[in-house]
Structures are given as structure tokens and as C-alpha cells.
Amino acid sequence: MTEPAQKILVEKHLNWDKARDRLSQYEYIGKHYTLKALQECSEKSPYYCHYLAWRLGTWENENWFIFFNQILNHGSSLSNWDKKVKAEDQSKRYKYEEFFHFLWELQVAKFFSEIVGVSVEWTLSGPDLKISSNGNVVG
């Protein structure tokens, strides 16, 4: 049986050494994602790689990794981060929709945190974030 074209493409172009180097270079990305777990996605169709692994192992520009590392750093500094991460099903973070949902959460948390007088913290159940302004919960 022939391998799917997508799998061949990934095997040919995804540089795992580059991915490993970037995971060690970007502290917060490396804390949240492991090379082993990213590599386990290599046998799962239809993509045959994790969406972060593809970026880590093929992209030439560092800007997105700098950004992602910064928002992970910021997100991990908010109240209840440890509880959120501990309560999270670790395997979910490697699913397509979970990865991009998490990316969105981090961006929203960073956005609201930059507003003067607003505080942001993680919640353990929906909504994902508690946003307060001058002591009043607004979201």
C-alpha cells in the first residue's frame, strides 16, 4: 500500500532537529509541548504531523515563535494557570481545534491584560477567562 501524499510531504520537509532546537530555544513553548508528543502525531491522518510541529520544523522566520512564546509566558503568569494546566487533558492540546482554541485564549488574555485597570485570570470551567475591571467582573 502506498503512503498518502500528505505523509510523504511531511516526512520529506519537516526537520525534527529544527523543531527540537526551537523547543529548547523558546522556553514556554518547550514547557507546554514536548517533542515526543509532537512526533506521536506523525502517524495520524490526515495531516501526519502536529500543526505546531510543522511550524517548528519548516518555518524560516522566528517572529511567530517569539509571539507564541510571549503569550504563553504571559498566560502562565495569570492567576489559576497551574490549576488550568493541571485540569487540562494533556492529550487534548495536540488536537487541531484545541491548539487553535488555546492560541485564541492566549491572545484574548494578553489583549485584556494590556488594558489599564483590568485584571485577567483563568477559570477551570467556561468561560475560559475571568475579566474584571475596577473589581467588577465584566467577562
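Refer to the preceding data block for the structure.
Residues numbered from 1 in each chain as written. Predicted model: local features only at pLDDT ≥ 70, side-chain atom pairs only at ≥ 80, totals over all residues. Heavy atoms only, no water.

What about the overall build of the chain?
So, point 1. A tally of helices and strands in the chain yields 8 helices and 3 strands.
So, point 2. When its helices and strands are written in sequence order, the chain yields α-α-α-α-α-α-α-α-β-β-β.
So, point 3. By its C-alpha atoms, the chain is 60 × 30 × 20 Å across when sized along the principal axes.
So, point 4. Restricting to contacts in the chain with at least 6 residues of sequence separation, those with at least 24 account for 60%.
So, point 5. Within the structure as shown, the chain displays about 8,400 Å² of accessible surface, and the carbon and sulfur contribution to it stands at 53%.
So, point 6. Computed over 17 positive and 18 negative side-chain charges, the inter-centroid distance for the chain is 2 Å. (Helix = DSSP H or I, 4+ residues; strand = E, 2+ residues; numbered from the N terminus. Contact = heavy atoms within 4.5 Å. Areas by Shrake-Rupley, 256 points an atom, 1.4 Å probe, with all protein chains shown as cover. Lys, Arg positive; Asp, Glu negative; His and termini not counted. Charge placed at Lys NZ, Arg CZ, Asp CG, Glu CD.)

Here we look at the pattern of salt bridges
So, point 1. Under the defined criterion, the tally for this structure stands at 10 salt bridges.
So, point 2. The salt bridge partner of K7 is E43, with a shortest N-O separation of 2.8 Å. Taken together, the residues span a long stretch of sequence, with K7 in helix α1 (residues 5-13) and E43 in the loop between α4 (35-40) and α5 (51-58) at a distance of 36 residues.
So, point 3. Its relative accessible area of 10% is what places K7 among the buried residues.
So, point 4. Exposure remark for E43: the relative accessible area of 57% places this residue in the exposed category.
So, point 5. What emerges from the salt-bridge pattern is a single network uniting E3, K7, E11 and E43. (Salt bridge = Lys/Arg side-chain N within 4 Å of Asp/Glu carboxyl O. Buried < 20%, exposed > 50% of the residue type's maximum accessible area, 1.4 Å probe, protein only.)

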